[in-house]
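Observations on the three-dimensional arrangement
What follows is the residue order along each chain.
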Amino acid sequence: MVQPLSSQAIYVVLLRELKRYWRAKSRIVASVAQSFFFLVIFGFGIGGFIGRIGDVSYLSYLAPGIIGMGLLFGSIFSGISVVFDRQFGFMKEMLVAPVSRTSIILGKILGGALTASIQGILLMTVALLLGAFSPSITLGIGIVAAIGVMLLITAGFVGLGVAIGSTITDFHAFQLISTFVMWPLFMLSGVFFPIDAVPPILQVAMLCDPLFYGVELLRWCLLGAGTPLLGPFGWLIALGVIACFNLLMVGFGTYLFSRAQA
Amino acid sequence: MAIIEVDGLTKVFNGKVRAVDDISFNVKEGEILGFLGPNGAGKTTTLNMLSTLLRPSSGTAAVNGYDIHEEPDKVRRSIGFVFQDPTLDLELTGKENLNFHGLLYGLDRDLREKRIKEVLDVVQLTDRANDLVKTFSGGMKRRLEIARGLVHHPKVLFLDEPTLGLDPQTRRSIWEHIQRLNQEKNVTIILTTHYTEEADYLCGKILIIDFGKIVALDTSDNLKARLEGDVVSLAFKDPKMILQIRPIFEKKKWLRRMDVTSVGSNQSMAGRMMHMMRGMSGGMGMDGMMSGMRPESGRRNESVRHKGPNIQSVGPRRLNLLVDDGGRRIPEIVKLTNEIGILLESVELHKPTLDDVFLSVTGRNIRDEQGSFMEMIRRHRIMQQARGHRDSG
């Protein structure tokens, strides 16, 4: 079914995502609080005996990773929410409308990326208030860049979520996805430990994790440097990998969604 | 003028289940057509095909002059669909749900404002428009869904079980809304239902569908007129007595047909399985209806006899006799039962209803059918939702 994209349809779906996000205040609070605990307990707790990593404090090292965690969970969940839409019917309302499925899914991906990034901005603010980043003019520029990076890395994960949500049909699969997809992506993204400090096999695994490059980019923006392993142009490599991942996932999610029966 | 033309529409699931089996019919503009049938008869599948949500296995249809294969987009623009499962976004307000719908159908801001005001007025929800839908009662949600289906001024409105799980009062008010829509806006309406009284009250024409085939299509009055005579319905102190009395009635010339029906809707699983299997073996169709008119016609009677051992397990049952001049037969019927010492509990006399018509064309009582186990659970869930959150509305 080849149908033209409809900007109005994309806008509706996007607007719906934003409204729903905004109205689920308890979810926002829970997620911000969770990241706050991570930052405080790990940052000051473990940081107390680890000391510094490279030339930044453990808290500073941790912060971009925790922001990455918020982005990952937020975006994958909003992608997977196509399952809920299907289960609770709203999807039918969209599918019977004279708009293409591609418009619907692009709206979903944009909306998911936007809400997850808002989440990321909240977490970045928390980290800033905890003193994770040293204030300067470059940090100001870095923060703006970081917001762009957030939008970029979330789009691919929403796509992945949509792909998952279009494939699974029951809620029991959630536990599996959480254990085998989300947690490994999170743990291997270099949140807690630098990549050059782990055995080679784990290094390879980390290099296969798209979120690793996302966190890497956030570190470039907020701390001014990434891991030495990727060299002085690490940010360029990271950007390239994320761009490829995005194209792949958005395409994959759109394809699987268009194929799925209402 | 026919606004919907259906030609040999067929849907086969998994290569073997013929959910809809080569159906053809036309609907005139401004008509209210009711699909009457038990669960799993193929009603929703037909609607899904007509609305382009589901691809037919073969056959085609035109809605508002547009072919469902060739111009699905134009078909979608011509129709409104109120689904059986609730499809409102509960986290949004009533107005937002309507506004999103308008946006999806490409209406500009002014037109949206105007239409939203208009449809809210039609279903009398103006004063609750800015509340979150999750605070609405079941009936209000249903009304809002109907309103939503109208925002883009469809030529045809599909209503899938519009009053499932609603209380009689709400049901009545929704019927009135549907009727008003049809009269004031000249919207052609196709609705599915398994409530005979709903089809009777609302629908100009009734299409009875069973195992994916059309078994009758006519006005309610014409359908009832096919069953000449009156229905005398007997209840016995001991339902097992039905077996004893049947052969005696069968010999009578004044008997046109005889059916055993259950009272209430709950049947044991075993009883339901029997029904399903019986229906599958006896290929239904128009000829089935004709032969069913005569009590002697083998298959129908045989099938009822098969049900014999089951009678006990399926709760209270009645014996329905279609007879000429019912009022004058009652004394004779009572006398016959007394002669062989069978105790009658009650005797009712009525003109044939749509229930009787349904029974005569499908060989089953519409209320017996509950569909698959999963279907029952799903329905239960819808009903719970419909009945939950009931407030002042």
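Quantities reported herein were computed from a predicted structural model and do not represent experimental measurements.

Moving on to the overall build of chain A. Scanning chain A from terminus to terminus reveals 11 helices and two strands. Each helix and strand of chain A, placed in order from N terminus to C terminus, yields the pattern α-α-β-β-α-α-α-α-α-α-α-α-α. A globule of 262 residues ought to have a C-alpha radius of gyration of about 18 Å, and chain A, at 19 Å, matches this closely. Its C-alpha atoms give chain A principal-axis dimensions of about 60 × 35 × 35 Å. Counting over 262 residues, chain A shows a buried share of 47%. Taking the intrachain contacts of chain A between residues at least 6 apart in sequence as the baseline, contacts between residues at least 24 apart amount to 83%.

In spatial order, the strands read S2-S1-S4-S5 (chain B); together these four strands make up an open sheet with antiparallel pairing. A strand with exactly one partner marks an edge of an open sheet, and here the two such strands are strand S2 (17–28) and strand S5 (66–67) of chain B.

On to the packing of helix H1 (residues 7–23) of chain A against helix H3 (residues 94–104) of chain B, then. Their axes nearest at 8 Å, the elements H1 of chain A and H3 of chain B cross at an angle of 155 degrees. Overall, the two elements H1 of chain A and H3 of chain B adopt an arrangement that is roughly antiparallel. In contact with Gln8, Ala9, Tyr11, Val12 and Arg16 of chain A of H1 of chain A, H3 of chain B contributes Phe100, Leu103 and Leu104 of chain B. Of the residues belonging to the contact of H1 of chain A with H3 of chain B, the class tally is six nonpolar, one polar and one charged.

Here we come to the pairing of S2 of chain B. All names here are of chain B. Two elements, strand S1 (residues 2–13) and S2, share eight bridges in a ladder whose sense is antiparallel. Looking at the pairing, Glu5 lines up with Asn26 of S2. Count of turn residues in the S1/S2 antiparallel hairpin: three residues, of which Asn14 carries a positive phi of about 50 degrees.

Another aspect to go through is unusual backbone geometry. Residue and element names in this part refer to chain B. The residue Asn14 is not glycine, and still its phi comes out positive at about 50 degrees. By secondary structure assignment, the location of Asn14 is in the loop between S1 and S2. The residue His153 is not glycine, and still its phi comes out positive at about 50 degrees. Position of His153 among the secondary structure elements: in the loop between helix H5 (138–148) and strand S7 (156–160). For His153, a count of 16 C-beta atoms within 10 Å gives the class partly exposed.

The subject of this paragraph is the interface of chain A and chain B. Often the size quoted for an interface is simply the accessible area lost on bringing the parts together. Contact residues are listed per partner, giving 20 residues for chain A and 18 residues for chain B. Broken down by secondary-structure element, the contributors of at least two residues to the side of chain A that touches chain B are H1 and helix H5 (90–95) of chain A. Looking at the side of chain A that touches chain B, the element that brings in the most residues is H1 of chain A, giving eight residues. Partitioned by chemical class, the residues of the side of chain A that touches chain B number 11 nonpolar, three polar and six charged.

So, how was this worked out
Residues numbered from 1 in each chain as written. Chains lettered and ligands numbered in written order. Predicted model: local features only at pLDDT ≥ 70, side-chain atom pairs only at ≥ 80, totals over all residues. Helix = DSSP H or I, 4+ residues; strand = E, 2+ residues; numbered from the N terminus. Rg over C-alpha atoms; globule rule 2.2 N^0.38 Å. Buried ≥ 20, exposed ≤ 12 C-beta atoms within 10 Å, placed from the backbone. Contact = placed C-beta atoms within 7 Å. Pairing = 2+ DSSP bridges. Axes fitted to C-alpha atoms, helices over the stretch in contact; angles between N-to-C directions. Parallel < 35°, antiparallel > 145°, perpendicular 65-115°, else oblique. Nonpolar A, V, L, I, M, F, W, Y, C, P; charged D, E, K, R; others polar.

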